[in-house]
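These are the residues of each chain, in order.
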Amino acid sequence: MEGLARLAGITVRTLRFYRERKLLPPPRREGRIAWYDDHHLARLRTISALLERGHTLSGIAELAEAFEHGRDVGDLLGLGAPTEETPVRLTPEELADHFAGEVTAENLAAAMELGYLGTDGDEIVHISRRLLDVSAALVREGIPLAEVLEAGRRVREHADALAELFTALILRHGPEHDLRRLRPLAKSVVEAEVSMALDRRLRKQP
C-alpha cells in the first residue's frame, strides 16, 4: 500500500479513504500480503485527473460503478467491428475532456445501453469516431449530452427501419451478396433525403 501511494503521489491515508469509498478495487492477497498492480495505479491516476477536472468523489464513485457494470468491449464488438466506422479508445480523463461536465453515471449508462461505449480494463471504447466527434460538437454548442443521447436513440430506430426497407427492396430483386455492393446507393438516398428535409425545415423558419 505504501509503494502504491508513493507512485500515485498520494498519502496512505488518502489511499485507505479511496478503498473505503470503493473507488479502488481490493488488492490480490497472498496470506497477509496485499498485492497492488498497474490496474490500481491507473485507477488512482484516473481519480486524480477527474478530481482536477472538477468531478466530485461521489460522482467518480458512480462512474466507477457504471464502468464496472457496463458492457465489455467484446460485447460491444460482438458481431465484428463496424465496416465503415472507426472505434476509438479513450481513457476516462479523455472522455471527460470531450464532454466537459456532462460525463455522469446516467449519461455513461445511456451511452453503453445504446452501444456507443464499451469498457476494456481501464480504457473505454467508443464504437464510432464520427459519432464521438459529432456528439462532442453538439455538447460544445450547448446541447445537454442526455438530449444528444436521446436523439441518438431515436435516430437509431429510424435508421433500423430504413435499413430494413432497403434490405427488403434489394433482396426482392437480387441475391443477398448485392446488399454489400448496393449499400452505398442506399446511404446516398438517405443522406440526400435528410439534406432536403433540413432544407424544408429551414425554409419554415421565420
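These lines cover the structure that appears in this document, whether it is placed above or below. (Residues numbered from 1 in each chain as written. Predicted model: local features only at pLDDT ≥ 70, side-chain atom pairs only at ≥ 80, totals over all residues. Heavy atoms only, no water.)

Turning next to the overall build of the chain. Across its full length, the chain holds 10 helices and 5 strands. Compactness check: the chain gives a C-alpha radius of gyration of 22 Å against a globular reference of 17 Å for 206 residues, more than 25% above the reference. Across its three principal directions, the C-alpha atoms of the chain cover 70 × 50 × 20 Å. Of the contacts formed within the chain by residues at least 6 apart in sequence, a portion of 65% connects residues at least 24 apart. Summing over all exposed atoms, the chain offers an accessible surface of approximately 13500 Å²; the carbon and sulfur share of this is 54%. A gap of 1 Å separates the mean positions of the 29 positive and 34 negative side-chain charges of the chain. (Helix = DSSP H or I, 4+ residues; strand = E, 2+ residues; numbered from the N terminus. Rg over C-alpha atoms; globule rule 2.2 N^0.38 Å. Contact = heavy atoms within 4.5 Å. Areas by Shrake-Rupley, 256 points an atom, 1.4 Å probe, with all protein chains shown as cover. Lys, Arg positive; Asp, Glu negative; His and termini not counted. Charge placed at Lys NZ, Arg CZ, Asp CG, Glu CD.)

In this section: the pattern of salt bridges. Evaluated as defined, the whole model comprises 10 salt bridges. We note a salt bridge from R28 to E30, for which the minimum N-O separation is 2.5 Å. A relative accessible area of 44% places E30 in the partly exposed class. Residues joined in a network through salt bridges with shared partners are E84, R183 and K187. (Salt bridge = Lys/Arg side-chain N within 4 Å of Asp/Glu carboxyl O. Buried < 20%, exposed > 50% of the residue type's maximum accessible area, 1.4 Å probe, protein only.)

All right, on to the packing of aromatic side chains then. For the structure shown, the criterion picks out 1 aromatic pair. Seen in terms of ring centroids, F17 and Y18 are 6.4 Å apart; in terms of plane orientation they differ by 50 degrees. Their pairing is tilted. (Phe/Tyr/Trp six-rings, centres within 6.5 Å; stacked < 30°, edge-to-face > 60°.)

We now examine the side chain of H126. Turning to its location among the elements, H126 is positioned in strand β5 (residues 123–126). Here H126 falls in the buried class, since its relative accessible area comes to 4%. A distance of 3.1 Å separates a polar side-chain atom of H126 from the backbone oxygen of S128. Setting aside chain neighbours within four positions, we find H126 in contact with P87, V88, L90, Y116, L117, L131 and L132. (Polar contact = N/O pair within 3.5 Å; in protein donor to acceptor, adjacent residues only side chain to side chain.)

Attention shifts here to the nonpolar core. By size, the foremost hydrophobic cluster in this structure holds 38 residues, and its most contacted members are L44, L95, F99 and L108. With near-sequence residues (within four places) excluded, L108 lies in contact with L63, A66, F67, L95 and L117. (Core = buried A, V, L, I, M, F, W, Y, C linked by side-chain atoms within 4.5 Å.)

A word on the pairing of β5. As paired strands, strand β3 (residues 88–90) and β5 are joined by 3 bridges and run antiparallel to one another. Residue pairing across strands places V88 opposite H126, the latter belonging to β5. Pairing of strand β4 (residues 117–120) with β5 involves 4 bridges; the strand directions are antiparallel. Counterpart to G118 in the pairing with β5 is V125. Between β4 and the antiparallel strand that follows it, β5, lie 2 residues; G121 among them carries a positive phi value of about 65 degrees. (Pairing = 2+ DSSP bridges.)

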